[in-house]
Amino acid sequence: MKNRIVRAVAGSFILISLVLAIYVNIHWLWFTAFVGVNLLQSAFTKWCLMEDILSKFGIKD
């Protein structure tokens, strides 16, 4: 369950930042890059801040 929530949050952040980049300011693409870099580092380090946050809220795998 936790893995699905992490993917949903990451996907939502990317889509929201793309919409903000189109309609508000192009600099919102930096947020998209930030999310992408965090996804990439979590693939190598097997550590994800969002998983830690969800664990503190009591959401299990």
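Cut-offs applied
- Residues numbered from 1 in each chain as written.
- Predicted model: local features only at pLDDT ≥ 70, side-chain atom pairs only at ≥ 80, totals over all residues.
- Heavy atoms only, no water.
- 1 Å grid on protein atoms, 1.4 Å probe; cavity = no way out; pocket = protein on both sides within 12 Å on 5 of 7 lines; lining within 4 Å.
- Points joined across faces, edges and corners; volume = space filled by probe spheres on them.
- Nonpolar A, V, L, I, M, F, W, Y, C, P; charged D, E, K, R; others polar.
- Salt bridge = Lys/Arg side-chain N within 4 Å of Asp/Glu carboxyl O.
- Helix = DSSP H or I, 4+ residues; strand = E, 2+ residues; numbered from the N terminus.
- Expected span 1.5 Å × (residues − 1).
- Contact = heavy atoms within 4.5 Å.

Focus on the layout of surface pockets
It is the rolling of a water-molecule-sized probe over the atoms that shows where space remains empty.
Reasoning step 1: Quantified by volume, the largest pocket comes out at close to 310 Å³.
Reasoning step 2: Lining the largest pocket are 15 residues, and of these F34, N38, C48, L49 and M50 lie nearest its centre.
Reasoning step 3: Per-class residue counts for the lining of the largest pocket are 12 nonpolar, 3 polar and no charged.

Quick look at the pattern of salt bridges
Reasoning step 1: This structure, assessed with the given rule, holds 1 salt bridge.
Reasoning step 2: The shortest N-O distance in the salt bridge between D61 and K2 comes to 3.8 Å. With D61 in the segment after α3 (49-56) and K2 in helix α1 (residues 2-23), the pair connects residues that are 59 residues apart, well separated along the chain.

Let's talk about α1
Reasoning step 1: Here α1 spans 32 Å end to end across 22 residues, near enough to the 32 Å set by a 1.5 Å rise per residue.
Reasoning step 2: Buried residues along α1 sit against α2 (29-45) and α3.

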